[in-house]
Amino acid sequence: MERISSSAGQGDRLFGIFFIAISIAVALASVLTEIAFLNKWPIYYSVVIWIGSFVITFIFLLYNRRNLIWSSLRVRLKNSIKWPLHAKIINGICWAGPFSIIAVLPFLFPYLILAGIGFGNISTYLLLKKYRNINYNKHNSSDASQGQLIVGLISLIAIPIVFEVYTMVTAREDIVSLLSRYLISFAYAVGGIYDIMVKRK
């Protein structure tokens, strides 16, 4: 049991670093895309900025741990493949549902992206928790990290905050979108710090 706890704890710390990398990349890309928007740069600049921000951040923070993180991700992927069909469908809807609606209702982008991150992370956490024994072994790192639950909860709590800012302050749409991305960055930062700092019992 001690080895299982140690393995799970190491997995949590790795995902904590992974979440912090996502947080930094989102924050960096958000600032740079807002600058691009204000300066009316071509739209493809935003694509380059987002890809570049993630590549640079991941290389800087994760390159030396890439094998360990990839191994943990692969174990979780193998676990999720063995989920029952209805669990896969639920998880897919939670992740893809809100994002797919953005194409139809783009004016709801700030809320839908928070909903996608929120419901997606929460559903993945709950399903990993429920079906963790499907691929259980003494080095199991497919268990859910509580940091992922925190990311999801903060993202959902942020939806009414963003709506309140939009309605009460009458902020520009680009500011509202920027705020939603900052809150996503904050959610991943908190979840990542939690996974790194809190030892699993």
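Residues numbered from 1 in each chain as written. Predicted model: local features only at pLDDT ≥ 70, side-chain atom pairs only at ≥ 80, totals over all residues. Heavy atoms only, no water.

**A word on the environment of Ile-175**
Rules: Secondary structure elements are defined from DSSP: runs of H or I of at least 4 residues count as helices, runs of E of at least 2 residues count as strands, and each element is numbered from the N terminus. Buried means the residue's accessible area, taken with a 1.4 Å probe over protein chains only, is under 20% of the maximum for its type, while exposed means over 50%, and partly exposed covers the values in between.
One can find Ile-175 in helix H7 (residues 173-197). Of the residues examined, Ile-175 reaches a relative accessible area of 32% and is grouped as partly exposed.

**Structural notes on the nonpolar core**
Note the following rule: The criterion is simple. A nonpolar core is a set of buried Ala, Val, Leu, Ile, Met, Phe, Trp, Tyr and Cys residues joined through side-chain atoms within 4.5 Å.
Ranked by internal contacts, the top residues of the largest apolar core, which has 24 residues, are Phe-18 and Tyr-188. Going through the elements one at a time, helix H1 (2-38), helix H5 (109-130), helix H6 (146-168) and H7 are the ones with two or more residues in this core. The leading source of residues in this core is H1, at 8 residues. Membership of the second largest hydrophobic core comes to 5 residues, among which are Trp-83, Ala-87, Leu-127 and Leu-128.

**A closer look at H5**
For clarity, the cut-off: Helix span, as expected, comes to 1.5 Å for every residue beyond the first.
End to end, H5 covers 31 Å across 22 residues, agreeing with the expected 32 Å (1.5 Å per residue, within 8%). Of all 22 residues that make up H5, 17 are buried, and the element is covered over most of its length.

**Here's the deal with the confidence of the model for the protein chain**
Under the convention used in this document: Across the chain, each position has a pLDDT score giving the predictor's confidence in that residue, from 0 to 100. Here a residue-residue contact requires only that any non-hydrogen atoms of the pair lie within 4.5 Å.
The predicted model of the protein chain averages 87 in pLDDT, with 86% of residues at 70 or higher. Segment residues 1-6: pLDDT under 50, and 7 contacts once partners within four positions in sequence are set aside and those in other chains are kept. Within the model, the stretch residues 135-141 combines pLDDT values under 50 with 18 contacts to residues more than four positions away or in other chains.

**Some thoughts on the packing of H6 against H7**
Selection rule: All axes here are fitted lines through C-alpha atoms, helices being fitted over the stretch that makes contact, and every angle between N-to-C directions spans 0 to 180 degrees. Comment on the angle field: the value is read as roughly parallel under 35 degrees, roughly antiparallel over 145, roughly perpendicular from 65 to 115, and oblique elsewhere. In a left-handed crossing the near helix is turned counterclockwise from the far helix by less than a right angle, and in a right-handed crossing that turn is clockwise. Gly is put with the polar residues, along with every residue not named as nonpolar or charged; the nonpolar set is Ala, Val, Leu, Ile, Met, Phe, Trp, Tyr, Cys and Pro, and the charged set is Asp, Glu, Lys and Arg.
One way to put it is that H6 packs onto H7 with a least axis distance of 8 Å and a crossing angle of 155 degrees. One element, H6, and the other, H7, form an angle in the roughly antiparallel class. For the pair H6 and H7, the sense of crossing is right-handed. Judged by residue contacts, Gln-146, Gly-147, Gln-148, Ile-150, Val-151, Ile-154, Ser-155, Ala-158, Val-162, Val-165 and Tyr-166 of H6 engage Glu-173, Val-176, Leu-179, Ser-180, Leu-183, Phe-186, Ala-187, Tyr-188, Val-190, Gly-191, Tyr-194 and Asp-195 from H7. Looking at the contact of H6 with H7 residue by residue, the class counts come to 15 nonpolar, 6 polar and 2 charged.

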